[in-house]
Number of protein chains: 2
Amino acid sequence: MPSDVTVDHELSDADENIHSAWDNSLDPVLTVEPGDVVRFECRDALDGQVGRNSTAEDLANASFDPVHPLTGPVHVEGAEPGDVLEVELLDFEHKGWGFTGFMPGEMGLGLLPEDFEEAGLHVWDLDDDVGHFVDGIEVPLDMFPGTIGNAPAEDGEHDTLPPRDVGGNMDVKHMTAGSTVYLPVEVDGALFSTGDCHAAQGDGEVCVTGIEAPMFVTARFDVRKDLDIEQPQLETSGPFTPTGRDEPMYATTGIADDLMEATKKAVRHMIDHLHDHRDLTRGEAYILCSAAVDLKISEVVDAPNWTVTAYLPESIFPE
Amino acid sequence: MPSDVTVDHELSDADENIHSAWDNSLDPVLTVEPGDVVRFECRDALDGQVGRNSTAEDLANASFDPVHPLTGPVHVEGAEPGDVLEVELLDFEHKGWGFTGFMPGEMGLGLLPEDFEEAGLHVWDLDDDVGHFVDGIEVPLDMFPGTIGNAPAEDGEHDTLPPRDVGGNMDVKHMTAGSTVYLPVEVDGALFSTGDCHAAQGDGEVCVTGIEAPMFVTARFDVRKDLDIEQPQLETSGPFTPTGRDEPMYATTGIADDLMEATKKAVRHMIDHLHDHRDLTRGEAYILCSAAVDLKISEVVDAPNWTVTAYLPESIFPE
């Protein structure tokens, strides 16, 4: 926590502060003034169904009813439809562990459900700076909220899985401490909630989970009536590579006449690379892609074929 | 040029060394041994139709018949179908200028042809390290070949616009000096060509041109029979941000249920941002996006909506 930050409000992860659908009829659990700082305790995305000693089978049998448990909603005084909620992300604290896994089959989740018949899971020990994978691989941590958003104007309960104009499950890995996120306001008070925190994630979050971890999130709120945005925007300084500076990467390309197919090809080629040259199982490789491999759109203009590129930082491997 | 590099062969950009379609029946203009270093002189993508004093109208009237003029093909001894051609990129030298422009309308080129009625052009003065845009904006240079590839196995002439399994117009901005590119070989001798060089480009190359510049490219070739890849791969150390280290960025999101539509939204939001907050015309903003804004795939798993994010480095603006 920055030493000059004073927390004005604490919201624990007790049941009364948790909801698992976006719904503008929910009563706010807290009302704050612009400038106030709130420390949110956030549950993990599966609401405790996977723990330190869980297996892939536990993950495969998890219920999606509680997904995602979000902390909130917070009513911000003065926020009106058409305004922008400014959320300054000040601090993140994990609780020492997290998990990354995939659940193929009938759920159809993740980028490559057709490539994996069985679920896979890795439970990470998290230090201050890194998470520990297999074979001495260490993934640098830079925590962020996978889900951060306001209540939508449309009445009723809305699934938390897809992101929307008001934000939500955007999984933008660059919303780290020091970043400022701008969220469109569609209802009085904004009705902000957050959760589904990740200790690290590759751009793309390809296997459908980052390093999912229960976490504290501290943020300062402001209401911006001078801004006019259609979807969320942010200021950030990364991370753009795990070490914070340009470093050696191995990259695969995916070339196809559909952008999603190009994305699948780039990730499949990276899984092949990790399997063939780094001795990982395909399941481990898929999990590592989701936690540490970044997807970039190299070109979307050389018709009819687009190029997506997947970047693996070499620094995560032991020397 | 690295001081320990000895150039074994020079290929000028004279007509006899230039071709503008991929075609495995073309006679090689040079035959090299594995380990040889070749210095290619490459024409710009429009083959000289746009020069230092050109206008947007000149660009709009350009013929696409000579696109892309490529230098080659080079026959690499010992390369056979199923092998991988290793191309170590050693050095790039531009000629002091370049251009970025867009040509909307009936050509339908670029990510947002429907947003612009008229063509736009910026001619850049290029220093060693930066290119000069309007209003004191300086874009750091890191040169690379927009097009780099081998001849495809399929007979006949193939348009150079789309990239393919053997590479081609991939526009991967990270194929800079010091990088190694791996290209699948589909015909005897590989029949390698390159050209369409960019002095800089944002991931995405959204307006259909990077900083297009005539350039010298120096590369070392090797044949790898121990590798088996379906599409190109590479080793690189970036650039991942213009300064080579994590730095402040402003980012817009694009959220939609189609990945291309999400990409368009992210870029449209960035054009709005550059217009509203940086006083650029929309055409200037579109050009700057293509030269300096990076597109990342934040998530492709939170069905039914995907998140694409566009990152603008603040360091390109004057203080």
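Everything below is about the structure shown above.
Residue positions are given per chain, counted from 1 along the sequence in the order it is written. To label them, take the chains in the order written and letter them from A, then take the ligands in the order written and number them from 1. Note on the predicted model: pLDDT of at least 70 is required for a residue's local features to be given, and 80 or more for side-chain atom pairs to be given and counted; whole-chain, interface and lining totals, by contrast, use all residues. Hydrogens and water are ignored here; the side-chain numbers use all heavy atoms of the structure.

## Considerations on the overall build of chain A
Reasoning step 1: Summing up its helical and strand segments, chain A has 3 helices and 19 strands in all.
Reasoning step 2: Counting only C-alpha atoms, chain A reaches 55 × 50 × 40 Å along its principal axes.
Reasoning step 3: Counting over 319 residues, chain A shows a buried share of 65%.
Reasoning step 4: Whether two residues touch is decided by their heavy atoms; if any such pair falls within 4.5 Å, the residues are in contact. Taking the contacts inside chain A whose residues are at least 6 apart along the sequence as the reference set, 78% of them involve residues at least 24 apart.
Reasoning step 5: When the accessible area of chain A is evaluated, it comes to approximately 11,100 Å², of which 41% is carbon and sulfur surface.
Reasoning step 6: With 16 positive and 66 negative side-chain charges, chain A shows a separation of 5 Å between the mean positions of the two kinds. In DSSP terms, a helix is any run of H or I states spanning at least four residues, a strand is any run of E spanning at least two, and both are numbered starting from the N terminus. When accessible area is computed with a 1.4 Å probe and restricted to protein chains, residues below 20% of their type maximum are described as buried, those above 50% as exposed, and intermediate ones as partly exposed. Surface exposure here means Shrake-Rupley accessible area, sampled with a 1.4 Å probe, where a residue is shielded only by the protein chains that are shown. Counted as positive: Lys and Arg. Counted as negative: Asp and Glu, with His and the chain ends omitted from the count. Positions of charges follow a simple convention, taking NZ of Lys, CZ of Arg, CG of Asp or CD of Glu.

## Some thoughts on helix H3 (residues 282-292) of chain A
Residues and elements named next belong to chain A.
Reasoning step 1: For H3, a buried count of 9 out of 11 residues is recorded, marking the element as mostly surrounded by other parts of the structure.
Reasoning step 2: Among the residues making up H3, those that are buried are Gly 283, Ala 285, Tyr 286, Ile 287, Leu 288, Cys 289, Ser 290, Ala 291 and Ala 292.
Reasoning step 3: Here the buried face of H3 lies against strand S7 (97-102), strand S8 (120-126), strand S10 (138-140), helix H2 (259-278), strand S18 (294-299) and strand S19 (306-313).

## Some thoughts on the sheet that holds strand S8 (residues 120-126) of chain B
Residue and element names in this part refer to chain B.
Reasoning step 1: Between any two strands, at least two bridges found by DSSP are needed for them to pair. An order of S7-S8-S9-S10 is seen for the 4 strands of this open sheet, with the pairing classed as antiparallel. Unpaired on one side and paired on the other, strand S7 (97-102) and strand S10 (138-140) mark the two borders of the sheet. Neighbour to neighbour, the strand axes of the sheet diverge by 30° on average, direction disregarded.
Reasoning step 2: Alignment of S8 against strand S9 (residues 130-132), held across 2 bridges, turns out to be antiparallel. Bridge pairing in S9 links Asp 125 to His 132.
Reasoning step 3: Whenever a helix is involved, its axis is fitted only over the stretch in contact; in every case the axis is a line through C-alpha atoms, and angles between N-to-C directions fall within 0 to 180 degrees. Relative to the sheet, helix H3 (residues 282-292) contacts S7, S8 and S10, its axis offset from that of S7 by approximately 120°.

## Focus on the packing of H2(A) against H3(A)
Residues and elements named next belong to chain A.
Reasoning step 1: Contact geometry for H2 and H3: axes closest at 9 Å, N-to-C directions at 125°. When the axis of H2 is compared with that of H3, the two are oblique. For the pair H2 and H3, the crossing hand works out as right-handed. Along its contact with H2, which presents Met 270, Ile 271, Asp 272, Leu 274 and His 275, the element H3 presents Arg 282, Ala 285, Tyr 286, Leu 288 and Cys 289. Roughly parallel means an angle under 35 degrees; roughly antiparallel, over 145; roughly perpendicular, 65 to 115; everything else is oblique. A clockwise turn of the near helix away from the far one marks a right-handed crossing, whereas an anticlockwise turn of less than a right angle marks a left-handed crossing.

## Concerning the environment of Lys264(A)
Reasoning step 1: Within the secondary structure layout, Lys264(A) lies in helix H2.
Reasoning step 2: In contact with Lys264(A), other than residues within four places in its own chain, are Leu111(A), Leu112(A) and Glu114(A).

## Quick look at the packing of aromatic side chains
Reasoning step 1: Each Phe, Tyr or Trp ring (for Trp, its six-membered ring) is paired with any other whose centre lies within 6.5 Å, and the angle between the two planes then decides the class: stacked below 30 degrees, edge-to-face above 60, tilted in between. Tallied over the full model, the rule gives 20 aromatic pairs over all chains.
Reasoning step 2: On the numbers, 5.7 Å between centres and 80° between planes, the contact of Phe240(A) with Tyr311(B) is edge-to-face. In this pair, Phe240(A) sits in the loop between strand S16 (233-236) and strand S17 (249-256) while Tyr311(B) sits in strand S19 (residues 306-313), so the two residues belong to two different chains.
Reasoning step 3: On the basis of relative accessible area, Phe240(A) is assigned to the buried category, the value being 2%.
Reasoning step 4: An aromatic cluster is built from Phe40(A), Phe192(A) and Phe221(A), whose rings are joined through pairwise contacts.
Reasoning step 5: Over the ring of Phe216(A) we find Arg39(A); its NZ or CZ atom is 4.0 Å from the centre of that ring. Each ring is checked for a lysine NZ or an arginine CZ that lies within 6 Å of its centre and within 35 degrees of its normal; such an atom marks a charge sitting over the ring.

## A closer look at the side chain of Ser54(A)
Residues and elements named next belong to chain A.
Reasoning step 1: Within the secondary structure layout, Ser 54 lies in the loop between strand S4 (37-42) and helix H1 (56-60).
Reasoning step 2: Within the local environment of Ser 54, its side chain forms a polar contact with the backbone nitrogen of Gly 51, the two atoms lying 2.7 Å apart.
Reasoning step 3: When sequence neighbours within four positions are dropped, the list of residues in contact with Ser 54 reads Gln 49, Leu 121 and Val 123. Identification of polar contacts relies on pairs of N or O atoms within 3.5 Å, with a donor-acceptor requirement for protein atoms, meaning one able to donate a hydrogen and the other able to accept it, and with residues adjacent in sequence counted only if both atoms are side-chain atoms.

## Notes on the sheet that holds S7(A)
Residues and elements named next belong to chain A.
Reasoning step 1: Strand order in the open sheet formed by 4 strands is S7-S8-S9-S10, with antiparallel pairing between adjacent strands. Strand pairing shows two members of the sheet lacking a second neighbour, S7 and S10, which therefore form its edges. Put simply, the sheet's adjacent strands are angled 30° from each other on average, direction ignored.
Reasoning step 2: Across the sheet, H3 lies against S7, S8 and S10, angled at about 120° from S7, the strand it touches most.

## Quick look at the interface of chain A and chain B
Reasoning step 1: Listed per partner, the contact involves 67 residues of chain A and 67 residues of chain B.
Reasoning step 2: Summed over both partners, the accessible area (1.4 Å probe) lost when two parts come together is defined as the buried area. For the pair chain A and chain B, the summed buried surface comes to about 5,500 Å²; carbon and sulfur atoms form 56% of the total.
Reasoning step 3: Summed over the three residues of chain A that lose the most area to chain B, namely Phe240(A), Ile297(A) and Val301(A), the buried surface amounts to 12% of that side.
Reasoning step 4: We define a salt bridge as a side-chain nitrogen of Lys or Arg found within 4 Å of a carboxyl oxygen belonging to Asp or Glu. Along the contact surface separating chain A from chain B lie 2 salt bridges.
Reasoning step 5: Here Glu230(B) and Lys265(A) are joined by a salt bridge, their closest N and O atoms 3.9 Å apart.

## Observations regarding the relation of the copies chain A and chain B
The two chain copies are connected by a rotation around an axis plus a translation along it.
Reasoning step 1: The two copies are related by a screw motion: chain A maps onto chain B through a turn of 180° and a shift of 0.0 Å along the axis, at an RMSD of 0.0 Å. The two molecules are tied by a two-fold rotation axis, judged by turn and shift. Of the C-alpha atoms belonging to chain A, the one lying closest to the rotation axis is found on Arg245(A), 1.9 Å away.
Reasoning step 2: A share of 100% of interface residues in chain A that are also interface residues in chain B marks the association as one of identical surfaces. Least squares is used to superpose the copies, and the fit set is the C-alpha atoms of residues whose pLDDT is at least 70 in both copies.

## Comments concerning the pattern of salt bridges
Reasoning step 1: Taken as a whole and assessed by the stated rule, the structure comprises 36 salt bridges over all chains.
Reasoning step 2: Across the salt bridge formed by Glu86(A) and Arg224(A), the nearest N and O atoms sit 2.6 Å from each other. Separated by 138 residues along the polypeptide, Glu86(A) in strand S6 (residues 84-94) and Arg224(A) in strand S15 (residues 215-224) bring together distant segments of the chain.
Reasoning step 3: In this structure, Lys173(B) engages Asp294(B) in a salt bridge whose closest nitrogen and oxygen atoms are separated by 2.9 Å. Here Lys173(B), found in the loop between strand S12 (167-168) and strand S13 (180-184), pairs with Asp294(B), found in strand S18 (residues 294-299); they are 121 residues apart in sequence, far enough to count as distant.
Reasoning step 4: The class of Lys173(B) is buried, set by a relative accessible area of 10%.
Reasoning step 5: Overlapping salt bridges, with partners in common, bring together Glu114(A), Asp115(A), Lys264(A) and Arg268(A) in one network.

## With respect to the nonpolar core
Reasoning step 1: For the purposes of this section, nonpolar cores are sets of buried Ala, Val, Leu, Ile, Met, Phe, Trp, Tyr and Cys residues that join through side-chain atoms within 4.5 Å. In this structure, Val87(A) and Val87(B) are the most contacted members of the largest nonpolar core, which totals 185 residues.
Reasoning step 2: Among all residues touching Val87(A), those that are not within four sequence positions of it are Ile148(A), Ser179(A), Thr180(A), Val181(A), Leu183(A), Phe192(A), Ala219(A), Arg220(A) and Phe221(A).

Any functional reading would require information that these geometric values do not contain.
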